[in-house]
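# Observations on the model geometry
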Amino acid sequence: MKVLVTGVKGQLGYDVVNELKKRNHEAVGVDIEEMDITDGESVNRVIREAAPDAVIHCAAYTAVDAAEDNEDICRKVNARGTGNIARVCKELDIRMMYISTDYVFNGQGTRPWEPDDHREPLNVYGQTKYEGELEVEEKLAKYFIVRIAWVFGVNGKNFIKTMLNLGKTRDKLNVVADQIGSPTYTFDLARLLVDMIETEKYGRYHATNEGLCSWYDFACEIFKQAGMKVAVEPVTSDQFPVKAKRPMNSRMSKDKLKENGFQPLPSWQDALRRYLTVIEN
Ligand SMILES: NC(=O)c1ccc[n+]([C@@H]2O[C@H](COP(=O)([O-])OP(=O)(O)OC[C@H]3O[C@@H](n4cnc5c(N)ncnc54)[C@H](OP(=O)(O)O)[C@@H]3O)[C@@H](O)[C@H]2O)c1
């Protein structure tokens, strides 16, 4: 199978291209230099020239707080850019996988979100990712929407790298303890995404590593596994103001994955252990 992957310079796109190659698929990885997804002409030309059987769309405007002040560019990338890709996939009659986010939900309650639950984003980034989902759903029948959360990969910035860096200079840190979710290791997720794109089991899915935690729990486990002595203090979201509002409940139900015969990801603690080994070497 030949698969075009957007966002190859980002955390997820990098691992998806590696996984495709490992599985003897032909992978064409592109980023903004080869294909600016906001440029419809460029998207049309690059996808047609590559003539793939599928597109895995990982590129996005992912600066969640900066998005609050940059709504136009964020929408241009996440909504219209996704629409540009969906249009070409429709014309070529190829399958498309769009990577989305837990931020499409309002974060209320404690029940894990099901893939078909009502979407009500709390911030600009979440709203534009939701609009991207609509672009895909309205244009295509052969699509996967895979919502992920709290992403970490070797190729890019993430919470783990931030904690490890802060831990070098600080012996005490405050970390939010009232937002609950599940981290997602891009290396593990890439295996699942390739499993999925090989099938015709289209639809909306949720995919994260197994197990739940707060950012506080996550930070404690990072320092424990890294062997660093940092005192982590739990704080509420109100005590740690940021520009974009975050959902408190990011519990994501992965039942649909299992019902469709897909293998769930390992626990987040196990993923963290392997990730630390990789970035230490
Ligand atoms: N990170 C998270 O915690 C998280 C959580 C839930 C869902 N997601 C979703 O998961 C997917 C992968 O996330 P990630 O963390 O791997 O993202 P990432 O590391 O920020 O990578 C995104 C890539 O897209 C590129 N890009 C930005 N604008 C573009 C444009 N106009 N045309 C083409 N490429 C463009 C970026 O280039 P530049 O770096 O040059 O801008 C970057 O290489 C995204 O769809 C994201 O919305 C992420």
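Let me begin by describing the structure that accompanies this report. Just so it is clear, the model here is predicted, and its values are computed rather than measured.

## Considerations on empty space enclosed by the protein
A full pass over the atoms with the stated rule returns one cavity of 30 Å³ or more. Lining the largest cavity, in full, are Asp102, Tyr103, Trp150, Gln179, Trp215, Arg246, Pro247 and Ser250. Each residue belonging to the lining of the largest cavity can be placed in one class, and the counts come to four nonpolar, two polar and two charged.

## Quick notes on helix H5 (residues 159-169)
Within H5 the residues assigned to the buried category are Phe159, Ile160, Met163, Leu164 and Gly167. End-on view of H5: buried residues confined to an arc of 135 degrees, all on one side of the axis. Facing away from the buried side of H5, by more than 90 degrees, are the exposed residues Lys168 and Thr169. Each element contacted by the buried residues of H5 is listed here: strand S6 (151-152), strand S7 (172-176), helix H7 (215-226) and helix H9 (268-280). N-capping of H5 is provided by Asn158, with a side-chain oxygen placed 3.0 Å from the backbone N of Ile160.

## Overview of the environment of Tyr130
Checked against the element boundaries, Tyr130 lands in helix H4 (residues 124-139). In sequence terms Tyr130 and Val104 are 26 residues apart; their C-alpha atoms lie 5.6 Å from each other. The contact partners of Tyr130, leaving out residues within four places of it in the chain, are Val104, Arg119 and Pro121.

## Describing the environment of Val136
Along the chain, Val136 turns up in helix H4. Separated by 51 residues in sequence, Val136 and Ile85 have C-alpha atoms that sit 8.7 Å apart. Beyond its immediate chain neighbours, meaning those up to four positions away, Val136 contacts Thr82, Ala86, Met96, Tyr98, Tyr143 and Ile145.

## What about the site of the ligand?
For the ligand, the set of nearby residues contains 25 residues, the closest of which are Leu12, Asp31, Thr62, Tyr125 and Lys129. Between Ala60 and the ligand, the recorded distance is 3.4 Å, taken from a backbone N or O atom to an oxygen atom. In the model, an oxygen atom of the ligand is placed 2.8 Å from a nitrogen or oxygen of the Lys129 side chain. When isolated, the ligand has an accessible area of 910 Å², and the protein chains bury 78% of it. Elements represented by at least two residues in the shell around the ligand include exactly helix H1 (11-22), strand S4 (95-101) and H4.

## Focus on the side chain of Arg251
By the element assignment, Arg251 lies in the loop between strand S12 (231-235) and helix H8 (255-259). Buried Arg251, no salt bridge; nearest opposite-charge side chain is Asp217, N-O distance 9.0 Å. When residues no more than four places from it in sequence are discounted, the contact partners of Arg251 are Gly109, Thr110, Arg111, Pro112, Trp113, Ile180, Gly181 and Leu212.

## Observations regarding the nonpolar core
Met35, Ile47, Ile85 and Met96 are the most contacted members of the largest nonpolar core, which has 30 residues in total. For this core, the elements supplying multiple residues, two or more each, are helix H2 (40-50), helix H3 (71-92), S4, H4 and strand S5 (143-148). Ranked by residues supplied to this core, first place goes to H3 with six residues. Filtering out sequence-adjacent residues up to four positions away, Ile85 remains in contact with Thr6, Met35, Ile37, Val43, Ile47, Val55, His57 and Met96. Ranked by size, the runner-up nonpolar core spans 27 residues in total, among them Val17, Ile99, Phe144 and Met196.

## Some words on the sheet that holds S5
Read across the open sheet, the six strands follow the order S2-S1-S3-S4-S5-S10; overall the sheet is parallel. A strand with exactly one partner marks an edge of an open sheet, and here the two such strands are strand S2 (26-30) and strand S10 (203-206). In this sheet, adjacent strand axes meet at a mean angle of 20 degrees when their direction is disregarded. As judged from the four bridges shared by strand S3 (residues 54-57) and S4, these two strands associate in the parallel manner. Residue His57 lies in a different strand from S4, and its bridge partner there is Tyr98.

Rules used throughout
Residues numbered from 1 in each chain as written. Predicted model: local features only at pLDDT ≥ 70, side-chain atom pairs only at ≥ 80, totals over all residues. Heavy atoms only, no water. 1 Å grid on protein atoms, 1.4 Å probe; cavity = no way out; pocket = protein on both sides within 12 Å on 5 of 7 lines; lining within 4 Å. Points joined across faces, edges and corners; volume = space filled by probe spheres on them. Nonpolar A, V, L, I, M, F, W, Y, C, P; charged D, E, K, R; others polar. Buried < 20%, exposed > 50% of the residue type's maximum accessible area, 1.4 Å probe, protein only. Helix = DSSP H or I, 4+ residues; strand = E, 2+ residues; numbered from the N terminus. Arc of directions from axis to C-beta. Contact = heavy atoms within 4.5 Å. Polar contact = N/O pair within 3.5 Å; in protein donor to acceptor, adjacent residues only side chain to side chain. Near = heavy atom within 4 Å. Areas by Shrake-Rupley, 256 points an atom, 1.4 Å probe, with all protein chains shown as cover. Lys, Arg positive; Asp, Glu negative; His and termini not counted. Salt bridge = Lys/Arg side-chain N within 4 Å of Asp/Glu carboxyl O. Core = buried A, V, L, I, M, F, W, Y, C linked by side-chain atoms within 4.5 Å. Pairing = 2+ DSSP bridges. Axes fitted to C-alpha atoms, helices over the stretch in contact; angles between N-to-C directions.

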